Amino acid sequence: MNEIISLCKRRGMIFPSSEIYGGINSCWDYGVLGADLKRNVKNAWWYTMVQMRDDVVGVDTSIIMHPDVWKASGHVSNFTDPLVDCKVCKQRFRADHLQSDRCPACGGELTEARQFNLMFKTYVGPVEESAAQVYLRPETAQGIFVDFKTIQAASRLRVPFGIAQIGKSFRNEVSPGNFIFRSREFEQMEMEFFIDDKKDDEWFEYWVEERFKWYLDLGVNPARLRKRRHRPDELAHYAKACVDIEYEFSIGWQEIEGIAHRGRFDLTQHMNQSGKDLSYYDDLTGEHFVPIVIETSAGVDRTLLTFLVDAYAEEGERTVLRLHPRLAPTKVAIFPLQKKPELVEKAREVKRLLQPYLAAAYDETGSIGRRYRRQDEVGTPYGVTIDFDTLNDQAVTVRDRDTMTQNRVVIDQLRNFIQDRMEQYKPLR
Ligand code: ATP
């Protein structure tokens, strides 16, 4: 983790927010390449969960919602963590994260646990009165539930179908930390799948497998990925089943995504609180019913951290991020062998050729070896070198990040060559 944090900082990819003011605990900025990597993670999720499916549609709902939403969802009364204070050093901890009943920092005595609500409060409009109090959403899912009827009608989808969304969530975590693993402002990628009661167990298992496969398809090492089924005593009272997808970080196995069978809880709660009918009408059978929900809920930042940790390798002189090319912020870097005007001009021309189709970088400073290494550590899968022969044979050298093999490719074929390689990418283990 420390190597990743320092790489992200050194290359300006991810670093503390408001750094010139000393930063603010657990808020992070995605900078150069970090923003691209994050967008690629979200795009990869959207591609699999929305674009490639006939039964899932995507939405983008607001962060601030009617406060009654959070009464109905149970967040106002139940979205709490147990908080303890150290009587000696005054540090605060989440009681359920502690190994013993003494302070992990100084060994001091701890206070009794108090329940602390994790929702951020704010006010809409100029008057800070209780009637104007709202919350920043702690999950994106509720936007999907309250819009269920409108979206179903507009999409004309029949159950089973899903609604997906990516967006910011906020939790006033008691003990944020481990870089972007647990922060107070983060993004989620959630999908709620609405079904009737006939094949709910099958659908649940189906989504567990689909979500697990997503990480494998994007190159995550299977030896470090597992599914963990919740014990009955761990389940929320409304949930019938829950499986966490976990990754083995240096801090141990940790949840990166949860798949939950939520029964009819959410829609029923919103029907009761709002007084509006959110049932589904099946025009084939003439039946009205409240669908059962299977939820898949992943964190963008936590998933991104998984990809970074999994991809990181140190090999002799070089540090390399073996990111799947679909996730890599830059797909191809273009280098003139020397800073000679004719090579520079040709290299710029090659960049212009690739740029509309592939995120491309250009670098002319330092030795070619150094330039390769600079790209290796940010995960650029292909390097293209323009040399003096290029001016005669219209061919370039393409170097592969993982195998470091080099191929001579004519410029006319370059785009196809790289795109084919990307499509056929297999992680090197
Ligand atoms: P934890 O027990 O770690 O606090 P949770 O079980 O409350 O997490 P969920 O409510 O299931 O988490 O959230 C779904 C996903 O959202 C998590 O798997 C994680 O990827 C992401 N997530 C939740 N809280 C945070 C956070 N504070 N920072 C970053 N990502 C988060």
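Parameters at a glance
Residues numbered from 1 in each chain as written. Predicted model: local features only at pLDDT ≥ 70, side-chain atom pairs only at ≥ 80, totals over all residues. Heavy atoms only, no water. Helix = DSSP H or I, 4+ residues; strand = E, 2+ residues; numbered from the N terminus. Buried < 20%, exposed > 50% of the residue type's maximum accessible area, 1.4 Å probe, protein only. Contact = heavy atoms within 4.5 Å. Areas by Shrake-Rupley, 256 points an atom, 1.4 Å probe, with all protein chains shown as cover. Lys, Arg positive; Asp, Glu negative; His and termini not counted. Charge placed at Lys NZ, Arg CZ, Asp CG, Glu CD. Pairing = 2+ DSSP bridges. Axes fitted to C-alpha atoms, helices over the stretch in contact; angles between N-to-C directions. Near = heavy atom within 4 Å. Polar contact = N/O pair within 3.5 Å; in protein donor to acceptor, adjacent residues only side chain to side chain. Nonpolar A, V, L, I, M, F, W, Y, C, P; charged D, E, K, R; others polar. Core = buried A, V, L, I, M, F, W, Y, C linked by side-chain atoms within 4.5 Å. Domains from an automatic or database assignment. Parallel < 35°, antiparallel > 145°, perpendicular 65-115°, else oblique. Expected span 1.5 Å × (residues − 1). Arc of directions from axis to C-beta. Buried area = accessible area lost by both parts, 1.4 Å probe.

Undergrad: Which residues make up the overall build of the chain, and what values do they have?
TA: Within the chain one finds 13 helices and 23 strands. Along the first, second and third principal axes, the C-alpha atoms of the chain reach 75 × 65 × 50 Å. The proportion of buried residues among the 429 residues of the chain is 52%. Taking the contacts inside the chain whose residues are at least 6 apart along the sequence as the reference set, 65% of them involve residues at least 24 apart. Accessible surface computed for the chain: about 20900 Å², of which carbon and sulfur atoms make up 48%. For the chain, the separation between the mean place of its 59 positive charges and that of its 65 negative charges on side chains is 4 Å.

Undergrad: How would you explain the sheet that holds strand S12 (residues 241-249) if you had to name every residue and give the values?
TA: Pairing is mixed in the open sheet, where seven strands are placed in the order S3-S9-S10-S16-S13-S12-S11. If you trace the sheet from one side to the other, it starts and ends with strand S3 (56-59) and strand S11 (225-229), each paired once. Across the sheet, the mean angle from the axis of one strand to that of its neighbour is 25 degrees, orientation sign disregarded. In terms of strand pairing, S11 meets S12 through five bridges, oriented antiparallel. Each residue of the ladder has a partner; that of Leu-225, found in S12, is Tyr-247. Relative to strand S9 (residues 161-170), helix H6 (residues 148-155) is tilted by about 135 degrees, and along the sheet it contacts S3, S9 and strand S10 (185-195).

Undergrad: Any details on the site of the ligand? Residues and values, ideally.
TA: Around the ligand, 15 residues are found, and the nearest of them are Glu-173, Arg-182, Ser-183, Glu-255 and Ile-256. In the environment of the ligand, a nitrogen atom lies 2.8 Å from a nitrogen or oxygen atom belonging to the side chain of Glu-173. Relative to its unbound accessible surface of 600 Å², the ligand loses 82% to contact with the protein. Contributions of two or more residues to the shell around the ligand are made by S10, strand S13 (252-263) and strand S16 (292-299). For the shell around the ligand, the residue count by class is four nonpolar, four polar and seven charged.

Undergrad: Tell me what's going on with the nonpolar core, and back it up with residues and numbers.
TA: Of all hydrophobic cores here, the largest spans 55 residues; its most connected members are Ile-14, Val-41, Trp-214, Tyr-215 and Phe-307. A total of seven residues in this core trace back to one element, the largest contributor, which is helix H7 (residues 200-217). Two domains share this core, each providing at least three of its residues, namely domain 1 (2-67 + 138-310) and domain 2 (322-423). When sequence neighbours within four positions are dropped, the list of residues in contact with Phe-307 reads Val-41, Trp-214, Tyr-215, Leu-218, Val-220, Leu-323 and Leu-327.

Undergrad: Now, about the packing of helix H2 (residues 34-51) against helix H9 (residues 300-311): what can you tell me, with residues and values included?
TA: In the contact formed by H2 and H9, the axes pass within 10 Å of each other and the chain directions differ by 105 degrees. One way to sum up the angle between H2 and H9 is to call them roughly perpendicular. Each of Leu-37, Lys-38, Val-41 and Lys-42 in H2 lies in contact with H9, whose residues at this interface are Val-300, Asp-301, Thr-303, Leu-304, Phe-307 and Leu-308. Looking at the contact of H2 with H9 residue by residue, the classes come out as six nonpolar, one polar and three charged.

Undergrad: Tell me about the side chain of Asp-301, residues and numbers included.
TA: The residue Asp-301 is located in helix H9 in this model. Those residues within four positions of Asp-301 in sequence are excluded, and the remaining contacts are Tyr-30, Lys-38, Ile-180, Phe-186 and Glu-187.

Undergrad: Kindly report on helix H10 (residues 341-354), identifying the contributing residues and their values.
TA: The terminal C-alpha atoms of H10 lie 20 Å apart, and with 14 residues this matches the ideal 20 Å at 1.5 Å per residue to within 8%. Buried residues of H10: Leu-343, Val-344, Lys-346, Ala-347, Val-350, Lys-351 and Leu-354, and no others. For H10, the arc enclosing every buried residue in end-on projection is 165 degrees, short of the 170-degree limit, so these residues lie on one face. For H10, exposure combined with an orientation more than 90 degrees from the buried face picks out Pro-341, Glu-345 and Arg-352.

Undergrad: If you had to explain the domain arrangement of the chain to someone new, which residues and values would you point to?
TA: One can read the domain layout of the chain as domain 1 (2-67 + 138-310) and domain 2 (322-423). The C-alpha centroid of domain 2 is placed 36 Å from the C-alpha centroid of domain 1. At the junction of the two partners, domain 1 supplies 15 residues and domain 2 supplies 11 residues. Together, the buried faces of domain 1 and domain 2 total about 1200 Å²; carbon and sulfur atoms form 63% of this surface. When residues of domain 1 are sorted by the area they lose upon contact with domain 2, Arg-11, Asn-40 and Leu-218 head the list and together hold 39% of the total.

Undergrad: So what's going on with unusual backbone geometry? Residues and values would help.
TA: Going from Val-159 to Pro-160, the amide bond is cis rather than trans, its omega being 0 degrees. With a phi angle near 55 degrees, Arg-156 is a residue other than glycine that sits in the positive phi range. Checked against the element boundaries, Arg-156 lands in the loop between H6 and S9. Here Met-404, not a glycine, exhibits a phi torsion of approximately 60 degrees, which is positive. Secondary-structure assignment places Met-404 in the loop between strand S22 (395-400) and strand S23 (406-410).

Undergrad: Give me the pairing of S23: which residues, what numbers.
TA: The pairing of S22 with S23 spans five bridges and is classified as antiparallel. If you follow Ala-395 over to S23, its bridge partner there is Val-410. Between S22 and S23, which pair antiparallel one after the other, the connecting turn spans five residues, and Met-404 there sits at a positive phi close to 60 degrees.

Undergrad: Could you give an account of the sheet that holds strand S5 (residues 92-94), naming the residues involved and the relevant values?
TA: The strand order across the open sheet built from three strands is S5-S4-S6, with neighbouring strands paired in antiparallel fashion. The sheet terminates laterally at S5 and strand S6 (114-117), the two strands that pair on one side only. Taking the axes of each pair of neighbouring strands and ignoring which way they run, one obtains an average angle of 45 degrees across the sheet. Relative to S5, strand S4 (residues 80-85) is paired through three bridges, and the arrangement is antiparallel. Of the residues in S5, the one forming a bridge with Asp-85 is Arg-92.

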